[in-house]
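Residues per chain, in single letters:
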Amino acid sequence: VGMEKLCRKSTLLTSYLEFLLQNLNSTKITIITPSEIESRGCQISIEISDADKKFHENLTSLGVITDWRDPNVIRCAPTPLYNSFTDVYLFVEKLKLLI
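In short, a report on the structure. Source: prediction; values computed, not measured.

### Some thoughts on the overall build of the protein
Looking only at helices and strands, one finds four helices and four strands in the protein. When its helices and strands are written in sequence order, the protein yields α-β-α-β-α-β-β-α. Rg of the C-alpha trace for the protein: 13 Å, near the compact-globule value of 13 Å for 99 residues, within the 12% margin. On the principal axes, the C-alpha backbone points of the protein span a range of 40 × 25 × 25 Å.

### Describing helix α1 (residues 3-22)
Here α1 contains 20 residues, and its C-alpha end-to-end distance of 28 Å stays within 8% of the 28 Å for a straight helix at 1.5 Å per residue. If you check which residues of α1 are buried, you get Leu6, Ser10, Leu13, Thr14, Leu17, Glu18, Leu20 and Leu21. One side of α1 carries all its buried residues, which in axial view fall inside an arc of 165 degrees. Opposite the buried face of α1, at more than 90 degrees from it, the exposed residues are Glu4, Lys5 and Arg8. Those residues of α1 hidden inside the fold are in contact with β1 (29-31), α2 (37-40), β2 (44-48), β4 (73-76) and α4 (85-98).

### Quick word on the sheet that holds β2
Spatially, the four strands line up as an open sheet ordered β1-β2-β4-β3, and their pairing is antiparallel. With one partner strand each, in any of the chains shown, β1 and β3 (67-69) form the two edges of the open sheet. Put simply, the sheet's adjacent strands are angled 30 degrees from each other on average, direction ignored. Taken together, the three bridges between β3 and β4 define a ladder with antiparallel strand orientation. By the bridge assignment, Arg69 is partnered in β4 with Val73. Lying on the sheet, α1 is in contact with β1, β2 and β4; it crosses β2 at an angle near 20 degrees.

### A look at the side chain of Arg40
Inspection of the secondary structure puts Arg40 in helix α2. Beyond its immediate sequence surroundings of up to four residues, Arg40 is in contact with Thr14, Ser15, Glu18, Thr33, Pro34 and Ser35.

### Here's the deal with the packing of aromatic side chains
Under the counting rule described, the total for this entry stands at one aromatic pair. On the numbers, 5.9 Å between centres and 65 degrees between planes, the contact of Tyr16 with Phe85 is edge-to-face. With Tyr16 in helix α1 and Phe85 in helix α4, this residue pair connects regions lying 69 residues apart in the sequence. Judged by relative accessible area, which is 25%, Tyr16 ranks as partly exposed. Owing to a relative accessible area of 35%, Phe85 belongs among the partly exposed residues under this scheme.

Basis of the calculations
Along every chain, residues carry numbers that run from 1 in the direction the sequence is written. Where totals are concerned, whole chains, interfaces and linings use all residues; where local detail is concerned, this predicted model gives features only for residues with pLDDT of at least 70, and gives and counts side-chain atom pairs only at 80 or more. Excluding hydrogens and water, the side-chain figures rest on all heavy atoms present in the structure. Only DSSP runs of H or I reaching four residues or more are called helices, and only runs of E reaching two or more are called strands; each is numbered from the N terminus. Throughout, the radius of gyration refers to the C-alpha atoms, and the reference size of a globule is 2.2 Å times the residue count to the power 0.38. The span expected for a helix works out to 1.5 Å for each residue beyond the first. Residue exposure (1.4 Å probe, protein chains only): buried if accessible area is under 20% of the type maximum, exposed if over 50%, otherwise partly exposed. Think of the arc as the fan of directions from the helix axis to the C-beta atoms. Every residue pair with non-hydrogen atoms within 4.5 Å of one another is taken to be in contact. When DSSP finds at least two bridges between two strands, those strands are taken to pair. Inter-axis angles, ranging from 0 to 180 degrees, are taken between N-to-C directions of lines fitted to C-alpha atoms, where helices are fitted over the stretch in contact. Pairing of aromatic side chains requires ring centres within 6.5 Å, counting the rings of Phe and Tyr and the six-membered ring of Trp. Pairs whose planes differ by under 30 degrees are stacked, by over 60 edge-to-face, and all others tilted.

What follows is the structure, encoded as structure tokens:
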């Protein structure tokens, strides 16, 4: 595989996630991670208005693994060795079910 390909896929996965989140057009979700690739690494944190730990538990019950940060932030980190573009797409589809 090689580090260069892994880094490239990581950038593409995270950029794809950002694109999908931006196109949700939801007033409930705000991306709080910088959009500059060099500043965010392979993660995107989203603030979800009116969400609580139960929201994260519901997302987990749908098979999504993310980090919860109080009071209302979900940290998403698609990793190139384990996640596909389909995984990222399905995450956003599952997120839509809850918002």
